[in-house]
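Tertiary structure, described
Chain by chain, the residues run as shown.
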Amino acid sequence: MRWPADADIVSPDRIPQYVIGFAAALTIVLVGEIVVYFAWGIEFVTSGQFLVGIVTSVPAIGGIAFGGYWLRNADLPPSRYPRAVGWSVGGLVIFLLVNLALIATMPTESWVHVVSWARWAVVLGAGIGLLIGCLEGRAIERTLTAERASLRAEHLAEQREYLDYLNGILRHEVLNTATIINGYASLLREEAATTDQQRRWAEIVIDESEEMSTVIDDVRILLQSTDGEVQLETVDLSRLLTDEVRKLEHKWGPVDVETSIPPEVSVRADHLVARVFGNLLSNAVEHNDAATPRVSVAVDPGPETVRVEIADNGPGITDSTLETLFERTQSRGSSHGIGLYLVRQLVTRYEGSVDVVETGPDGTTFAVELPAAAESQSTASSSASSPPPS
């Protein structure tokens, strides 16, 4: 048999049940007092003073029991419990001493009167003290919560200002430099390069400067995705995907694209959602080693969500890369960088999901699910309920 340790007995977590137990003990004392008085035929039990004492004691005992229950279920940390109980004990002692002084200076009818008076003082003092302790604990906790929220908001504001400053540096300094590098590298490739090797070096510089510009733009979008409250609206997904496919063919040259995009499919998102599909489509071609990159886009509108699958015929994704595919990567040689991390952040912003549903040597398939807009739901419902053409 294991005896409870002292730390278990005095643990603040157990204080609420001690308070409830104290209320139960006071109830037993009160009931026992009434029973004994009636059994002994004491006339004081029918007096007005005794009845007033009973009427005022019962709510106080109930309040003590409720106070214990409230402590156990309130949002107060257990470290606040001892102070609340301290108020109760202090109220009990002070109220009892005051009334004992009154008892000593005022004539009493009998010892029964003294016992009932003392019991009443204990109940009222403990109940009022516990009430003050609970109110104080709640007031202190609300004040601390407000202070923490204020400090958190101030910290976030400072962090936002710092991030905006860094974003400004990236866009006005680094991006401008990347643009200049790209321009001069293009001139070198077209006018100064005399060998295939020199042209290849110039193309590497151009590719790296364009990658730098893409990363900076992704950082800007990422900052926008965390700026303030999310204001979702209805976005025409059908038109958005059609535009992104057109941009894909324009940017990457010959690409075999297959689409299955029903008209008038809408989702709940904002203008940043275009970056989700732009990154996934670019990723499907950029890391594709096939002679002719092939990409398929299929949209499946449902009553609650819209599912978009983007598949390619690339080399697939290794198991080690899958583990951190949507995470921020620090290494320069990462194959997915900030793009897929941005995709995950934006999809989470819309309360959607993005996953790799299939990958292998024959290609990879990404699936994006976004909340369907009301217009899309009504269109899908009407299409499902309308009879087939005769």
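Every chain is numbered independently, its residues counted from 1 as its sequence is written. Residues qualify for local features only when their pLDDT is at least 70, as the model is predicted, and side-chain atom pairs are given and counted only at 80 or more; totals for whole chains, interfaces and linings, by contrast, use all residues. For the side-chain quantities, the full set of heavy atoms in the structure was used; hydrogens and water were omitted.

The chain goes by histidine kinase in an unreviewed UniProt entry, where it is assigned to Haloterrigena gelatinilytica. UniProt positions are given in the numbering used here, feature names are shortened, and annotations may be inferred rather than shown by experiment. Per UniProt, the chain has the following entry under Catalytic activity (unreviewed entry): "ATP + protein L-histidine = ADP + protein N-phospho-L-histidine."

Quick look at the nonpolar core now. Among soluble globular proteins, nonpolar side chains are generally buried collectively. The term nonpolar core refers to a set of buried residues drawn from Ala, Val, Leu, Ile, Met, Phe, Trp, Tyr and Cys, joined through side-chain atoms within 4.5 Å. Accessible area is worked out with a 1.4 Å probe on protein chains only. A residue is then buried under 20% of its type maximum, exposed over 50%, and partly exposed in between. Counting residues in hydrophobic clusters, the biggest one holds 39 residues, and the most contacted among them are L237, V273, V276, F277 and V308. Listing elements by their share of this core, those giving two or more residues are helix 7 (237-252), strand 3 (266-269), helix 8 (273-286), strand 4 (294-301), strand 5 (305-312), helix 10 (337-349) and strand 7 (363-371). Secondary structure elements follow DSSP: runs of H or I no shorter than four residues count as helices, runs of E no shorter than two count as strands, and numbering proceeds from the N terminus. It is helix 8 that provides the largest number of residues to this core, a total of seven residues. Listed in part, the 25 residues of the second largest apolar core include V19, I42, V112 and A126.

Right, let's get into the sheet that holds strand 2 (residues 256-260). Two strands qualify as a pair provided that DSSP identifies no fewer than 2 bridges between them. Pairing is mixed across the open sheet formed by five strands, whose spatial order is 2-4-5-7-6. If you trace the sheet from one side to the other, it starts and ends with strand 2 and strand 6 (353-360), each paired once. When strand polarity is set aside, the average angle formed by the axes of neighbouring strands in this sheet is 15 degrees. Relative to strand 7, strand 5 is paired through seven bridges, and the arrangement is antiparallel. Note that in strand 7 the partner of A311 across the bridge is T365. Against the sheet, helix 7 touches strand 2, strand 4 and strand 5, its axis set at about 175 degrees to strand 2. For helices, the fitted axis covers only the stretch in contact; all axes are lines through C-alpha atoms, and the angles between them, taken along N-to-C directions, range from 0 to 180 degrees. In what follows, residue pairs with any heavy atoms lying within 4.5 Å of each other are defined as contacts.

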